[in-house]
Every structure is written in C-alpha cells, then in structure tokens.
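Listed here are the chains, written in short residue letters.
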Amino acid sequence: MPGPTLRLHEIVERFGGELVGDPLVVIARVATLRSAGEGDLAFLANPRYRSELAATRAAAVIVPVPERNTTAVPRIVVADPYLYFAKVSAALNPPPATVPGIHPTAVIDAGARISSSAAVGPHCHIGPEADLGEHVLLGAGCVIGQGVRIGVGSRLAARVTVYAGCVLGARAIVHSGVVIGADGFGFAREQSGWLKIPQIGRVLIGDDVEVGANTTIDRGALDDTVIEDGVKLDNQIQIGHNCRIGAHTAVAGCVGIAGSSTIGRNCMIGGAAMITGHITIADNVVISGGTLISRSITEAGVYTGVYPFEENRAWTRNAVWIRKLDGLADRVRRLERSIPAREEEQ
Amino acid sequence: MPGPTLRLHEIVERFGGELVGDPLVVIARVATLRSAGEGDLAFLANPRYRSELAATRAAAVIVPVPERNTTAVPRIVVADPYLYFAKVSAALNPPPATVPGIHPTAVIDAGARISSSAAVGPHCHIGPEADLGEHVLLGAGCVIGQGVRIGVGSRLAARVTVYAGCVLGARAIVHSGVVIGADGFGFAREQSGWLKIPQIGRVLIGDDVEVGANTTIDRGALDDTVIEDGVKLDNQIQIGHNCRIGAHTAVAGCVGIAGSSTIGRNCMIGGAAMITGHITIADNVVISGGTLISRSITEAGVYTGVYPFEENRAWTRNAVWIRKLDGLADRVRRLERSIPAREEEQ
Amino acid sequence: MPGPTLRLHEIVERFGGELVGDPLVVIARVATLRSAGEGDLAFLANPRYRSELAATRAAAVIVPVPERNTTAVPRIVVADPYLYFAKVSAALNPPPATVPGIHPTAVIDAGARISSSAAVGPHCHIGPEADLGEHVLLGAGCVIGQGVRIGVGSRLAARVTVYAGCVLGARAIVHSGVVIGADGFGFAREQSGWLKIPQIGRVLIGDDVEVGANTTIDRGALDDTVIEDGVKLDNQIQIGHNCRIGAHTAVAGCVGIAGSSTIGRNCMIGGAAMITGHITIADNVVISGGTLISRSITEAGVYTGVYPFEENRAWTRNAVWIRKLDGLADRVRRLERSIPAREEEQ
C-alpha cells in the first residue's frame, strides 16, 4: 500500500527548519536511525543515540541545532526533532481513506441520523436518534446507543460500545474494546445487601480526544462524566462516574480514577497510578507511575509514592521494619532523651 | 424519553418518611442539590453540603432528621437519605422496557432454549443447549456459549461473552466487554516451556450480581469459580480460576484476585487492590484501595498497605532509606546497647 | 458431551510412570482429590494434601515417588505428578473439534486467503489480504484487519480484534476481548497540546503463545512489538508499543509493561506488577506480584517491592514515618556522633 512521498525541500517548505544537503532526496517513510534505509527519514532527539546517527543508512535525518555538523547525511536542522518528525510522519501516514457508506450487515435504527460522508462497518448497531457527523468512521461491530452524538471526523475502531446518551466531540480516535457510558459503581447499603442507584448522567467527551484499547469511562450517576478537549487516554484505563479530566491531560495505561475526582489541565499521569475518589488534582501535575493518590493535590509538581524494589531477600529483611517504624522512631526518641546534653553539644 | 412522575405524597406512601410541605409537588427526576431545578428531587446525605441545600432550586429534598428544619423547601425527612434517594431514583428510572423477540441478524443454535419473553439483540450468537430465562435481555453482539444458563430478568449489555457451560443467576446486570468463563491461567512447567492444563471447571454466578465493563472472570481449572448472590463487581476487575467471592461483597475497579482465593461475605475491596492466590479473606473485611494482600486475613477489620505519596524530591530523599531500613534498625540497636544505663533511667 | 476415556494401562503406556493397582480401571475425567468420584483421576502434588488423599473417592490417583505406599487407591507413581496430570488432562480434554467453513454471516474481503480447513464464526469480519492458516478457528465476532497473518492451528475465541498488518504464529490461543495491534501511546508535545505520532509498526507473535481475556498488545511506533515463542499472557495485561517479551516468559493478570521495554526469556512476572518503559529485564527473572520495576534488571533472581499491609490503624501509625525516614536517619546519625567513644567500645 504505497503512500505519499515527499522531497526534502517540500518537507522544509511545509514544516520549516534548515535543509543541509540534496533537496531532491525522496522520503517515503519515517524510521528509527537503526532500521532506516533507502527512502527513510530518521531523527535524532537525544545525543545518547549519536553513535546510531553515525551508523545510520537513512536517506536523511532530522537533527537538533547542536548536531548540525555531526553527520554528512542530508539533514533537516530544527529546534525540536521529535515534534518535527511527528509532523512529517503524519504527512506520510495519513489515516486510511474512509469510503462513505453503511455496510449492509449493519443494523441502523430508522431514527438515527448518519452523515452521507460517514462510514459504518459490518455488524454495527446504531440505536434510535443517534447522530453521526461528517466523515465519522465506525469499525466493525461497534454498538452505538440511543441518542449518542459523534462529532465530525471521529474514528472508532472495531468493537467499541457507546451507551445511550453519550457525546463524543470532533476528531476522536477510539480504539477497539472501549466502553463509554456503562453504569458507574453506585449502590446504597440496605439491610439485605446493596441497592443499585440508577446511573442517569452521561459521558461528554470533547474534541481531539484519543481513547486506548479496552479503556472504560463510566457515565455519571446524576451529573455527567466529562473528558475535556485534547485529553489522551492510553489502554486499560478505568474512569469512574462523575470524573472530570482537564484539557490536554495525558493518562498512561492501566490507570484507575475513582468516581467524582477532578483532574486538572495539562497533567501527566503515569502508568498504573491510581487516583482515589472525590479529590481534586491541580493543573500541570505529574504523577509517577504506580503511585496511589489518596488526597487532593493543590499545586503543580511531580508526585511519587512507590515502594523501591530490590532482590527478594533484601526486601524481606528491610520490609519487616515497615510494620515496626513507629516503634523504631520511638526508640530513637528515647535515645535522644537519654543523651540530651551531648546532643546539644553539636 | 419522558419517564414516570410521582407526587411527594405518593413517594412517602411508597417508601415512608415524614413529608413536610406541599404533598402535591410533582417529581420527575432526581438530581444533585447543585444542578436540581423544577421537577427535581435532591438529597442531603452529608452536613458538609448544607450550603448547597440553602442554595438549591430543587422542587423538593430528602433530608436526615437533624436537618428537618434547615430548609423551607418541601422535604422528606428520613433516617438514611441516600438509601431513600436510591429507592426513589429506581422508581423514576426503571430499566428500559424489553421488547421480547430475537433480532433477525442473531444466530441461534437450533438446540438453544430461549424464553418467549427474552430479547436477543442484533448480531448475537447463542450456542447449542444454551438456556435464556424469562425477560432475559441480550444487547447487540453478545456471544453465549454452549450450555450456558442465564436466569430470569438478567440483562447483558452489548458485546458480552459467556463461555460454554457457565451459569448466571437471576437479575444479573452485566456490562459491555465482560468476559465470563475464559480459561484460567494454568500451566505445568516442562523442559521446553509450559504445558497448558485444560480448564474444565465453570463459572457459577448467583442472583442479583452486577459485573462492570470489561471485567473478566475465569472458569475453574477442575472445580468451579463461584460468585455468590448479591456480589457487585466494578469495571476492569480480573478474577482468577477457582476463586469464590462471598455474598454481597463489593469490589471496586481494577482489582485483581489471583486464582483459588476465597473472599468472605460482605467484604469491601478498594480500587486496584490485589489479592494473591490461594488465600482466604474473612467476612466483613475492608481492604483499602491499592493494597496488596499477600496472606490470609482471618478477622474482620480494615486492612491497608499503601506507600504514602509526596512531592518527588521528598520521596527520593525518604525512599532511599527503604532499602536501608534493616541497617538503620541495626544502628539503633547498637546505640541502645551503648547506653544501657541511661535508657533504664527513664 | 462425552469425551475420550483411557484405561490406566493405556495412560502409563503413553505417558510413563509406575502403575500400582488394577490396570483396567477406566478414567473418564480428571478432578481434585476432594471432588473426585467414579471414573476420575486425581493427583497429589503437595504432601500438605495427604489427608485429602486418604479421603479421596477417586478411581485412581497420580502420586510422587515418596507417596507410593501412602494409599491403596490404584495409582500412577511419577516424578512430577502435576506435569503428568496436565498431560493426561490434555488427552482427556481435547479442544472441541473444528468444523471447517465460513459462517454465512461472516463478512470476508474478496482478497483474503482462508484455508479450507479453517473455521470462521458468525459475524466475523476479515479484511483484504488477511491470511488464515490450516485449522485456524475464529469465534464469533472476531475482526481481523488488512494483511493479518494467523498461523496453523491458532484458535481465537469470540470477539478478538487483530489490527492491520499483525502476525500470529502457529497454535496461538487468544481469548475473548483481546486487542492486538491498536495504536501505541505516542504523542509529541506542541504548544497547543499533543500531536499524534502515527503508529506504523506491527505486532509479531511467535508460536504457541496464549493471550488471556481482554489483554491488549499495542503495535510498534516505527519498529515492531514482538512476543516470542511460548509466551503465556494472562488476562487484562497491557503491553506497550515496541516491547519485546522473551520466549517462554509467563505474565500473570493485570500486569502493565510500558513502551520499549525488553523482557528476557523464561521470566515469571507476578500479577499486577508494572514494568516501566525503556528498560531491559534479564532472562530467568522472577518479579513478585504488585512490584513496580523502575530500572533495568541485569541478573536472574527474584525481585520484590511491595508495601506490607496491616490493620489500618497500625498502618497509619507506621506509614506516617515513611515521609520522615530521612529525618529519622538523620537523628540516628546525630546520636551516633554524640556517643562515638561508646560505639567503638562494642
């Protein structure tokens, strides 16, 4: 499946940067320095990989300003090679063209509105009053509930479920296995067990949001769960009912965010971090992978809470003291009391 | 989609409580104190939100006895406003009526037994000898294996898989993406790698169980995996082969329970907690979110094991001592030995 | 559904071991010592269960050499009863026979190549240039992208997605809800948010790999994500782009492996462990459940980093010192300085 190609001078005309070397070199693909060959454009983002730059067989490379003269390969010199590479790669790898139309095996409720430029794959089911915008793409086996709205240019991979009433903005990318709008986990205790609380809120997703494979976002209990513009969610994430995720926040895989928590804008949440319910995280907060956040964070910064791993026998020897820390601290206090004079001598 | 409405006096006649104010007020919806408006019934469960009660535009509110006179809004005074609210909400938000029948795109094995009151959605596949009880609802794209039994009134959302031989009780609610009865993780080491052990047990699920989106429950290796009555499972939970979850236990999102563990009745397991295999947890145990439970718990209580998070530089400074705790304790012991007399003076 | 049966002498002829007792006993099933009855073969792998051996009603048992004379039940005496049991169970529980053919509701692109011995279930969708080998089985609702290759004898359960270009080897077992080849989580920061980096690598899966329910394996960003021969993955695992998992490594449920990490051969990774990105783990490494691995491991061994749980009030009392460890260590150092002479007296 041959895609578009670009000459180096065309790339520089579109995306800027200083071109050093033959402007007519043809670029067909992007690749890593190590695996690149004829027709490939590679990039150096980190001086650590300078030896790979020296050995690369790429047709051309993108390098940062300080590396302008480290190589003889035709090159584009820019401030941020990784961002530049992303732009070129996007130009060389456009999403597959959408062939408008509804596959004959799809089941579409009579009351659904589907743009004539939308593409609906095999075995989809679209409920009453659903509304699919221009150029929306549904992969095979998607199930779209009653009254769902999906904005212009959004692309859902195969086997995505969107429950009734939820709203996706424009240009969403939703991967396979995602479930948007299932019931939140809401129950009231009664004597004989748990009484289910109807989950009547929705999920509202802004523009330019990406949702990774098998991620789940629960509908609100009363009010809505909100994912703001530009949020990027990796795979296997769970977002509880009534959460709000601020614009342009990125969440790595396996993260859980319990119900009614609010995450700020431009946050970065590391893999497998867990955010407890009913708390608020400020804008520009970075949370390390594996950290459990148990109370609100009011200031931007990097937050971590990870037990350092070590060889098992060493861990056993040290971890036994975790359960005795208060006692150990007590012993230190008693020692301090027993030699007060000397301590002051320091 | 207008649902049922209730006048305040009808609510009190059905669910009890003291009515203060106009009994003819019409309630169409439940809502939060903050977002409620005309036709909405809100509730105050926590005195913390008293300011929202003062500002609410709800048509009526549910309040606890001590707040009987804090507001002039028509109100129902009860012992447990949250539970009461749940009951009213359930009355106002009945599950959508099921239209019996099998969608023509569904593929049903000739030997399957499907109640005439059941509803089977588009693109479902139902295997031989499966048995769907009265009023069972299958959303689009469900796959029901050979010999599966699903009890009266159970509702499976779109894209649920139930492997051969598994049994669901009455009134189950199973959300999209759930997989019940996949093979447990059972292998024997042999020289050249791993030999798969056939997983020939089943999953047996009791009555009134709810299973959240993309949760997985593995079939037993030899005996069955058992989920007792009234268990509530949130999203993205993994339950290994041969586990038993006691009645009315609630498990929050992202929890993993490894194989052959037994959880008691009425337990509450916090989000992202992990239970190791082959252990037993007593009844009425509460496990904090993010805690790894590595051995059996024999007494009711609250159990926690979470590394407290802090700002990253502080964490680095403190965490380095985790790997030196045994050494630190040793130094304290030596100090104590070096001043035995003084210590006794205290 | 009656399966094959075997007489004890047939079992020993096929799999070895010493037969003690009636060679004509007929075995129809394997079972646990506790639940076994007529026609059942049970096994004793651990002397801990000797009391269950005494009470068993199994038709025959598999025992280790030291237990040869502990029971009067007909028995097979072997070095490794668990492995032996696995072999017998596999013989008694062959996978259900595949009926070749393509279900009429499946949608197959004209350019796909499907072996005549393959079986494609209802509502599958197979894209152009996909290639399904001999005896491949697809359960209902699988979605196989353009150019995907699936090797001889592989079995995909219902509702599996394989994105375009990915390759599965021979004899794979892939459970329901699995997503192979979704986009990795790759974005470059730009002023206004995040720019998506096209994910143009593939997922390459070797022979004899098993993938548990709802596990996700992302496609590479530029190069490929690689799962080598004999790898066993449990449920709800997330494997990021450009990871490599070495041959015969076993990964338990809920594990996350961030992008560009390399795991060695014959490793065992415990449930809910998390591996950070861009690191390397040596061969034969064992990682305890719940451990976060934040840097490379260069030597075989067992590695652990788990916060020990305890009753909540005790945890609170001790955990408060985690954030003061550096200060506590400082106090110990000051104490040591204040009594240098005595300390040396030891």
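Residues numbered from 1 in each chain as written. Chains lettered and ligands numbered in written order. Predicted model: local features only at pLDDT ≥ 70, side-chain atom pairs only at ≥ 80, totals over all residues.

## Focus on the overall build of chain A
(1) Moving on: Of the regular secondary structure elements, chain A holds six helices and 40 strands.
(2) Moving on: Over its C-alpha trace chain A gives a radius of gyration of 27 Å, far above what one expects of a compact globule, namely 20 Å for 346 residues.
(3) Moving on: Each of the three principal axes of chain A carries a C-alpha extent, and together these read 80 × 65 × 35 Å.
(4) Moving on: Going through the 346 residues of chain A one by one, you find that 55% of them count as buried.
(5) Moving on: Taking all contacts inside chain A whose residues are at least 6 apart in sequence as the whole, residues at least 24 apart take part in 20%. (Helix = DSSP H or I, 4+ residues; strand = E, 2+ residues; numbered from the N terminus. Rg over C-alpha atoms; globule rule 2.2 N^0.38 Å. Buried ≥ 20, exposed ≤ 12 C-beta atoms within 10 Å, placed from the backbone. Contact = placed C-beta atoms within 7 Å.)

## Considerations on the relation of the copies chain A and chain B
(1) Moving on: By a simple turn and slide, chain A fits onto chain B: the slide is 0.0 Å along the axis, the RMSD is 0.0 Å, and the turn is 120°. What we have between these two chains is a three-fold relation. (Least-squares fit on C-alpha atoms with pLDDT ≥ 70 in both.)

## Remarks on the interface of chain A and chain B
By a widely used convention, the size of an interface equals the accessible area lost when the partners come together.
(1) Moving on: Contacts between the two partners involve 60 residues from chain A and, on the opposite side, 64 residues from chain B.
(2) Moving on: Elements with a contribution of two residues or more to the side of chain A that touches chain B: strand S21 (179-182), strand S22 (187-190), strand S23 (193-196), strand S26 (216-218), strand S38 (292-293), strand S39 (301-304), helix H4 (312-319) and helix H5 (325-338) of chain A.
(3) Moving on: When S39(A) meets strand S40 (residues 310-311) of chain B, the two strands line up antiparallel, connected through two bridges. The residue bridging Tyr303(A) from the neighbouring strand is Glu311(B), located in S40(B). (Pairing = 2+ DSSP bridges.)

## Details of the sheet that holds strand S4 (residues 29-30) of chain A
All names here are of chain A.
(1) Moving on: Taken in spatial order, the five strands line up as S2-S7-S6-S5-S4 in an open sheet, and their pairing is mixed. Each of the sheet's edge strands pairs with one partner strand only, and the pair in question is strand S2 (18-20) and S4.
(2) Moving on: Pairing of S2 with strand S7 (residues 75-78) involves three bridges; the strand directions are antiparallel. Bridge pairing links Val 20 to Arg 75 in S7.

## Quick word on the sheet that holds strand S24 (residues 203-205) of chain C
Residue and element names in this part refer to chain C.
(1) Moving on: Strand order in this open sheet of nine strands is S10-S13-S16-S19-S24-S27-S30-S33-S36, and the pairing throughout is parallel. Bordering the open sheet on either side are strand S10 (113-114) and strand S36 (280-281), each of which pairs with just one other strand.
(2) Moving on: The pairing of strand S16 (residues 149-150) with strand S19 (residues 167-168) spans two bridges and is parallel. Bridge pairing in S19 links Arg 149 to Val 167.

## Looking at the interface of chain A and chain C
(1) Moving on: Contact residues are listed per partner, giving 64 residues for chain A and 60 residues for chain C.
(2) Moving on: Within the residue set of the side of chain A that touches chain C, elements represented by two or more residues are helix H3 (81-92), strand S40 (310-311), H4, H5 and helix H6 (340-345) of chain A.
(3) Moving on: Looking at the side of chain A that touches chain C residue by residue, the class counts come to 27 nonpolar, 24 polar and 13 charged. (Nonpolar A, V, L, I, M, F, W, Y, C, P; charged D, E, K, R; others polar.)

## What about the packing of helix H5 (residues 325-338) of chain B against helix H5 (residues 325-338) of chain C?
(1) Moving on: At a closest axis distance of 10 Å, the pairing of H5(B) and H5(C) adopts a crossing angle of 35°. Considering only the axes of H5(B) and H5(C), their crossing is left-handed. Facing H5(B), whose interface residues are Leu328(B), Arg331(B), Val332(B) and Leu335(B), H5(C) presents Ala329(C), Val332(C), Leu335(C) and Glu336(C).
(2) Moving on: For the contact of H5(B) with H5(C), the residue count by class is six nonpolar, no polar and two charged. (Axes fitted to C-alpha atoms, helices over the stretch in contact; angles between N-to-C directions. Left-handed = near helix turned anticlockwise from the far one by under 90°.)

## Topic: unusual backbone geometry
(1) Moving on: Non-glycine residue Arg159(A) carries a positive phi angle of around 60°.
(2) Moving on: Locating Arg159(A) in the fold gives a position in the loop between strand S17 (155-156) and strand S18 (161-162).
(3) Moving on: With a phi angle near 60°, Asn284(B) is a residue other than glycine that sits in the positive phi range.
(4) Moving on: Along the chain, the position of Asn284(B) falls in the loop between strand S36 (280-281) and strand S37 (285-287).
(5) Moving on: According to the C-beta neighbour criterion, Asn284(B) is partly exposed, with 15 such atoms within 10 Å.

## Some details on the domain arrangement of chain A
(1) Moving on: The domain architecture assigned to chain A consists of domain 1 (6-92), domain 2 (101-303) and domain 3 (312-345).
(2) Moving on: Between domain 1 of chain A and domain 2 of chain A, the C-alpha centre-to-centre distance is 37 Å. (Domains from an automatic or database assignment.)

## Considerations on the environment of Ile239(B)
Residue and element names in this part refer to chain B.
(1) Moving on: Inspection of the secondary structure puts Ile 239 in strand S29 (residues 238-239).
(2) Moving on: Ile 239 sits 20 residues away from Arg 219 along the chain, and the two C-alpha atoms are 9.2 Å apart.
(3) Moving on: Discounting chain neighbours no more than four positions away, the residues touching Ile 239 are Ile 217, Asp 218, Thr 225 and Ile 257.

## Here we look at helix H3 (residues 81-92) of chain B
Since there are 3.6 residues in each turn of an α-helix, residues three or four apart along the chain are aligned in direction.
(1) Moving on: With 12 residues, H3(B) should cover 16 Å at 1.5 Å per step; its first-to-last C-alpha distance of 16 Å lies within 8% of that length.
(2) Moving on: Taken as a whole, H3(B) has its buried residues at Pro81(B), Leu83(B), Tyr84(B), Phe85(B), Ala86(B), Lys87(B), Val88(B) and Ser89(B). (Expected span 1.5 Å × (residues − 1).)

## Some thoughts on the pairing of strand S39 (residues 301-304) of chain C
(1) Moving on: Across three bridges, strand S37 (residues 285-287) of chain C lies against S39(C) in parallel orientation. Paired with Val286(C) across the two strands is Val302(C), which belongs to S39(C).

## Some remarks on the pairing of strand S7 (residues 75-78) of chain B
Residue and element names in this part refer to chain B.
(1) Moving on: The two faces of S7 match: Arg 75 and Val 77 on one face and Ile 76 and Val 78 on the other face are all buried.
(2) Moving on: By the bridge criterion, four bridges tie strand S6 (residues 60-64) to S7 in an arrangement that is parallel. Each residue of the ladder has a partner; that of Ile 62, found in S7, is Ile 76.

## Some points on the environment of Val88(C)
(1) Moving on: For Val88(C), the location among the structural elements is in helix H3 (residues 81-92).
(2) Moving on: C-alpha separation for the pair Val88(C) and Ile144(C), spaced 56 residues apart in sequence, amounts to 34 Å.

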